[in-house]
Every structure is written in structure tokens, then in C-alpha cells.
Amino acid sequence: GVAHEINTPLGTINSNLDVTSRALNLIREDLARQPSGIGEKSRQLFATIDSLMEVNRVACARIIRIVRDLRNFARLDEAEFKQVNLNEGIESTLSLLQPELRGRIEVIRDLAELPTIPCYPNRLKQVFMNLFVNAIQAISGKGQIRVKTRLENQQVQSAISDSGPGIKPEHLRRTL
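Residues numbered from 1 in each chain as written. Predicted model: local features only at pLDDT ≥ 70, side-chain atom pairs only at ≥ 80, totals over all residues. Heavy atoms only, no water.

K.L.:
Sorry if this is basic, but what is going on with the packing of aromatic side chains here?
P.N.:
Each aromatic ring pair is described using two quantities: the centre-to-centre distance and the angle formed by the ring planes. Tallying each qualifying case throughout the model produces two aromatic pairs. On the basis of an interplanar angle of 65° and a centroid distance of 5.0 Å, the ring pair of Phe81 and Tyr120 is categorised as edge-to-face. One end of the pair, Phe81, is in the loop between α2 (40–73) and β1 (82–84); the other, Tyr120, is in the loop between β3 (117–119) and α5 (121–138), and 39 residues separate them in sequence. Measuring from centroid to centroid gives 6.4 Å for Phe128 and Phe132, while their planes differ by 25°, and the two rings are stacked. Within this pair, Phe128 and its partner Phe132 are both found in helix α5, separated by four residues, close to a single helical turn. Each member of the pair, Phe128 as well as Phe132, is classed as buried. Across from the ring centre of Tyr120, 4.5 Å away, lies the NZ or CZ of Arg123, which sits over that ring. (Phe/Tyr/Trp six-rings, centres within 6.5 Å; stacked < 30°, edge-to-face > 60°. Helix = DSSP H or I, 4+ residues; strand = E, 2+ residues; numbered from the N terminus. Buried < 20%, exposed > 50% of the residue type's maximum accessible area, 1.4 Å probe, protein only. Lys NZ or Arg CZ within 6 Å of the ring centre and 35° of its normal.)

K.L.:
Would you take a moment to explain the side chain of Thr93 for this structure?
P.N.:
Within the secondary structure, Thr93 is located in helix α3 (residues 86–96). Residue Thr93 is classed as buried on the basis of its relative accessible area, which comes to 0%. At a separation of 2.8 Å, a polar atom in the side chain of Thr93 contacts the main-chain carbonyl oxygen of Gly89. (Polar contact = N/O pair within 3.5 Å; in protein donor to acceptor, adjacent residues only side chain to side chain.)

K.L.:
Before we go on, may I ask you to explain the nonpolar core in this structure?
P.N.:
Of all hydrophobic cores here, the largest spans 19 residues; its most connected members are Ile90, Leu101, Phe132 and Ile145. For this core, the element with the highest residue contribution is α5, accounting for five residues. For Ile90, the residues in contact, after removing those within four places along its chain, are Phe128, Phe132, Val147 and Thr149. (Core = buried A, V, L, I, M, F, W, Y, C linked by side-chain atoms within 4.5 Å. Contact = heavy atoms within 4.5 Å.)

K.L.:
Is there a simple way to think about α3 in this case?
P.N.:
One full turn of an α-helix is made of 3.6 residues, so residues set three or four places apart face in the same direction. With eight of eleven residues buried, α3 lies mostly within the body of the structure. Looking only at α3, the buried set comprises Leu86, Asn87, Gly89, Ile90, Ser92, Thr93, Leu94 and Ser95.

K.L.:
Just checking my understanding: could you explain the sheet that holds strand β5 (residues 155–162) for this structure?
P.N.:
Within a sheet, adjacent strands bond to each other through the backbone by hydrogen bonds, running parallel or antiparallel. Spatially, β2-β4-β5 is the arrangement adopted by the three strands of the open sheet, whose pairing is mixed. The open sheet has two free edges, formed respectively by β2 (105–111) and β5, since each of these has just one partner strand. Neighbour-to-neighbour, the strand axes of this sheet turn through a mean angle of 10°, independent of strand direction. Relative to β5, strand β4 (residues 143–152) runs antiparallel, the two sharing eight bridges. Note on β5: the bridge partner recorded for Thr149 is Ser158. Sheet contacts for α3: β2, β4 and β5; angle to β2, the most-contacted strand, approximately 170°. (Pairing = 2+ DSSP bridges. Axes fitted to C-alpha atoms, helices over the stretch in contact; angles between N-to-C directions.)

In C-alpha cells, the structure reads:
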């Protein structure tokens, strides 16, 4: 429902960007055909508007990706056991965590080509979310999270590690 509420005005903004861009191009072409041509001030204004339009296009594309990832992740009510791609679950979870990672934590991916696996996708994504959030919280300052998937003996495997300090020895017994 939230994704739909975001997508509706976002579709309007995207459509308006396209119409505005075409209208500006027509104005620019019309001015270029005038005997006096386009003045320097107008050229600068068009360059500024073009730059702002591109920023808006990139922002809209980012919002569209975020909404798609939210919709993908938000299928947490799916109690259905079905075939899923493990790497897609990892990527959509990492995409949601981009604001927490950006500029501070580098994610190093080593994702193998994997077959789909039968599972409960909602539970699997929640596990990934918990592991990544724990890793983010464990890293103070800059660091790395390594994500590896592989197929071994017809089993899909994943491993996630971080450059944080690890669990203190006195707390290890509580984790078992």
C-alpha cells in the first residue's frame, strides 16, 4: 500500500519531467531560430535547468529502485514456501541499507551463480537484514562487510563477515 502511494505521485513527477524536458527543447530550438539567437544568459539558464532535470531524473530512478526493493522486502507476510534466488534477497536487503553503508562501509560481494532454492523468502530476508544490521552496528568508523555465496555439494551456502572487533570473549557463551 505504501509503495503504491509513493509510486502514484512519483509517476506524475517522472511524466512531468519528460514533458518539461521536451518543452524546454522546443523553446531552445525556437530561440535558436530567431535572428538574435540564444543569448549567453539564456544558455546559462538552459544549462542550469538541464543539470537540475538530470538530478531529478536520477533522484526519481533512485526512488523507484528503493520502492521496488521495499516491495520486494516487504513481502514479509508471504508465508508461502517457494523457489527464490538467494543473491536477489541479499541485494534487495543491501539496497535498503544503502543510507547506513554509504561513505562508511564498503560491501565486498563474491556472489556465485546460484540456482533458486526452496524457502520462506520472508524469513530469509529477515535473517539477512539482522546479520547486516548487526555488522553495520559492529563497525565503528570505516569498515567492510564481505558477502559470499556459493554452490557446494548441491547446497547453496552464504557467508557474511565484517571488519568489526568481534564478540567479546565474555559474551561468546551467550551467543551459542
